Amino acid sequence: LMPDTYNFTRGDTRAGLITRMEKAMLEFTHSEWAKRTPEYPLTAMQEWITLASIVEAETPKAEERPRVAGVYLNRLTKSMRLEADPTVAYGVSGGDKMTRLLTLKDLAAPSAYNTYLNDGLPPSPINNPSRASLTAALNPETHEFFYFVADGTGGHRFGKDFKEHQKNVAEWRRINKAQAKKD
């Protein structure tokens, strides 16, 4: 289903609205998929939509979405596991919204969606990605980043290697600890 604002009138049915949402998603995805560059590394539309759903879950910041997509495509290209927290949350919660933070036990929980344990993309999308996330996943930023972590402002810090990532994680923990003291 394509997330969007839809106008409806009294008497419209739920089934009719869902059909419109499905049609909007199909029209957009087929149109955009046809425009992809020959170098695009994913070979199936379903893979692209799945990647876009992870991007959607990772960041609310539109300007970060192409960078996040680039990180995941860099990892896939190097045969690294995605290690995407939202996929683990989806597997642990059975698709319901998580109301708590992930634990180390969650990261070790077997699931087809656990990208800490499984190679490649999960078997299906974990949400209904927006046009912005679909566009970002099809037009990723080209860079050398393989890691990212929250920066305490709703965005992320990106790292080129594990050492840089560990430094960013330490900074996030410092910010998180300071914020907890304020609360």
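Since the structure is predicted, the reported quantities are computational estimates derived from the model, not experimental observations.

J.: Looking at this model, I keep getting lost on the environment of Thr37. Mind explaining?
T.: Examined against the element boundaries, Thr37 turns out to sit in the loop between helix 1 (14-34) and helix 2 (45-58). According to the relative accessible area criterion, Thr37 is partly exposed, its value standing at 40%. Taking C-alpha positions, Thr37 is 45 Å from Ala178, a pair spaced 141 residues apart along the chain.

J.: What's the story with the pattern of salt bridges in this structure? I'm lost.
T.: Close approach of charged atoms lets side chains of opposite charge pair. Enumeration over the complete set of coordinates arrives at eight salt bridges. Note that Arg131 and Asp4 form a salt bridge whose closest N and O atoms lie 2.6 Å from each other. Taken together, the residues span a long stretch of sequence, with Arg131 in helix 6 (residues 131-138) and Asp4 in the segment before helix 1 at a distance of 127 residues. We classify Arg131 as partly exposed; its relative accessible area is 31%. Close ionic contact of Glu27 with Lys23 constitutes a salt bridge, the shortest N to O distance being 3.7 Å. Highlighted residues: Glu27 and Lys23, both in helix 1, separated by four residues, approximately one helical turn.

J.: Could you clarify how one ought to interpret the nonpolar core in this entry?
T.: Taken as a class, soluble globular proteins show a tendency for nonpolar side chains to be buried jointly. Among the nonpolar cores identified, the biggest contains 32 residues, and Met2, Tyr40, Trp48, Leu51, Ile54, Tyr72 and Leu134 are the most heavily contacted of them. Secondary structure elements with two or more residues in this core: helix 1, helix 2, helix 3 (65-77) and helix 6. When residues no more than four places from it in sequence are discounted, the contact partners of Ile54 are Tyr72, Leu82, Ala84, Thr87, Leu121, Pro122 and Ile126.

J.: Would you take a moment to explain the pairing of strand 2 (residues 156-159) for this structure?
T.: Here strand 1 (residues 147-150) runs beside strand 2; their pairing, made up of four bridges, is antiparallel. Residue pairing for strand 2: Tyr147 is matched across the bridge by Gly159. Between strand 1 and strand 2, which pair antiparallel one after the other, the connecting turn spans five residues, and Gly152 there sits at a positive phi close to 90°.

Calculation notes
- For every chain, the first residue of its written sequence is number 1, and the numbers climb from 1 along that sequence.
- pLDDT decides what is reported in this predicted model: residues at 70 or higher carry local features, side-chain atom pairs at 80 or more are listed and counted, and totals for whole chains, interfaces and linings draw on all residues regardless.
- Only hydrogens and water are set aside when side-chain values are computed; all heavy atoms of the structure are taken into account.
- Strands are runs of DSSP state E lasting at least two residues, helices are runs of H or I lasting at least four, and both sets are numbered from the N terminus onward.
- Residue burial is assigned from relative accessible area. The probe radius is 1.4 Å, only protein chains are included, and a residue is buried under 20% of its type maximum, exposed over 50%, and partly exposed in between.
- Whenever Lys or Arg places a side-chain nitrogen within 4 Å of a carboxyl oxygen from Asp or Glu, that contact is recorded as a salt bridge.
- Residue types Ala, Val, Leu, Ile, Met, Phe, Trp, Tyr and Cys, when buried and joined through side-chain atoms within 4.5 Å, form a set referred to as a nonpolar core.
- Contacts: residue pairs with any heavy atoms within 4.5 Å of one another.
- In this analysis, strands are considered paired if DSSP registers two or more bridges between them.

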